[in-house]
Amino acid sequence: MGVVGCILGFLVVIYLCYKDWSVYIASIVGAAVVIAFNVLPFMDTLLDSYVNGMFVPIKSFFFLLLFGSIQSKIYSESGAAFSIADTIMSKLLRPGASNTKKNVIAVAVIVAIGVILCMGGINASVFIVLMYPVALTIFEYCDIPKRFILGVLAAASYTFTLTMPGSPQVTNVAAMSALGTSAGVAAVPGLIGAAVEIVVIIVLLNIFINKARARGEHFELHPLDPHYDENSPRPKFIVSILPLIVLFILFNVVGVDINICIIISVVISIALFWKQLKGNSIRELLSTGAAESIHMSMTVAAICGFAGVVTNTEAFTSMLNAIVSIDVSPMLICAIVVAVM
């Protein structure tokens, strides 16, 4: 029954999240299911396993998420993110291009910006919020149905950028912390895997978008959608990417702690984009960015809290031992387990 409870707890969390319940409620309800099926003391387990599980990511990644959110706010308010997108689009897309070319270029540009920003230290979760207005501009320019935006943004941030060699994202940093490896470990297979993912992303999304166009779907801007003013002041392309380049070099070449890297990147961004930011209250900008990081941090913490309950059950230990005892490559077992999760 304990194994059933662990699996059922996962399903409850997934179902409630998809039904738009708060992740905090979903994770606690899921934990309650696991606790009930494994006959554990309710409050003691929540106060011990759940809270301790929440503490792990907060301790490890709080400053990374905090300053990553602030950096994203700076790039959004200064127009630096739009400058990067606009420069790349203007170089690649010409009037009269075919629909397929528009699709490929639009997706490739957003993926390229995902590499630039996420490898430059901007958190993948924040990337979607940061890039949404930019993606709207690109989709409108290429007449791509708006419903594909989140898929494209997720493909540019939640796939290869999380784990490719040199990534400063939480997933890669977590692996470095747990395994004692460097940021660029397994560079060759990592880069090959990233290249395969990019090709699959572009091919599949092109097919889906063309099928939608064939059904008569087009881009439609909602009245409440944000929209960048092309005439608003923004930093030049090379200036916009400079803080990200500095962060990448400090993290991957010099080997500076990622938290220090992102703080330095934020300071450089404020200095370089001061002309575009001076019309805003820096205090309000930084405070808003910091406040927005709290929800992100607590979301990760809540899921880790639920995981803490699961991993501290005898049922989980027995499942883990059964999986590990299978006579196949450990890498294959790991890949299957992660894919199922």
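Residues numbered from 1 in each chain as written. Predicted model: local features only at pLDDT ≥ 70, side-chain atom pairs only at ≥ 80, totals over all residues. Heavy atoms only, no water.

Turning to the nonpolar core, a few remarks are in order. Note that soluble globular proteins tend to have their nonpolar side chains buried in a common cluster. Membership of the largest hydrophobic core comes to 71 residues, with the highest contact counts inside it found for Tyr-75, Ile-113, Leu-117 and Phe-127. Tallying contributions element by element places helix α5 (residues 99-119) first for this core, with ten residues. Membership of the second largest hydrophobic core comes to 15 residues, among which are Val-13, Ala-301, Phe-306 and Val-310. (Core = buried A, V, L, I, M, F, W, Y, C linked by side-chain atoms within 4.5 Å. Buried < 20%, exposed > 50% of the residue type's maximum accessible area, 1.4 Å probe, protein only. Helix = DSSP H or I, 4+ residues; strand = E, 2+ residues; numbered from the N terminus.)

Excluding glycine, residues mostly carry a negative phi; peptide bonds, for their part, are mostly trans. One non-glycine residue, Asp-20, lies in positive phi territory at about 70°. Relative to the helices and strands, Asp-20 is located in the loop between α1 (2-18) and α2 (23-37).

For the structure on display, the rule yields four aromatic pairs. Geometrically, the ring pair formed by Phe-10 and Phe-306 is edge-to-face, given 5.1 Å between the ring centres and 90° between the ring planes. Residue Phe-10 is found in helix α1, and its partner Phe-306 is found in helix α14 (residues 282-311); the two are separated by 296 residues along the sequence. A centroid spacing of 6.5 Å and a plane angle of 20° characterise the contact between Phe-63 and Phe-67, whose relative ring orientation is stacked. A residue pair is termed a helical-turn pair when its members lie 3 or 4 positions apart in one helix, as Phe-63 and Phe-67 do in helix α3 (residues 42-78) at four residues. An aromatic cluster of three or more residues is present, and its members are Phe-62, Phe-63 and Phe-67. (Phe/Tyr/Trp six-rings, centres within 6.5 Å; stacked < 30°, edge-to-face > 60°.)

Before going further, it helps to examine the confidence of the model for the chain. For the chain, mean pLDDT is 82; residues scoring 70 or higher make up 96% of the total. Here helix α9 (residues 170-179) stands out as the least confident element of the chain, with mean pLDDT 72; α2 is the most confident, with 90. (pLDDT = per-residue confidence, 0-100.)

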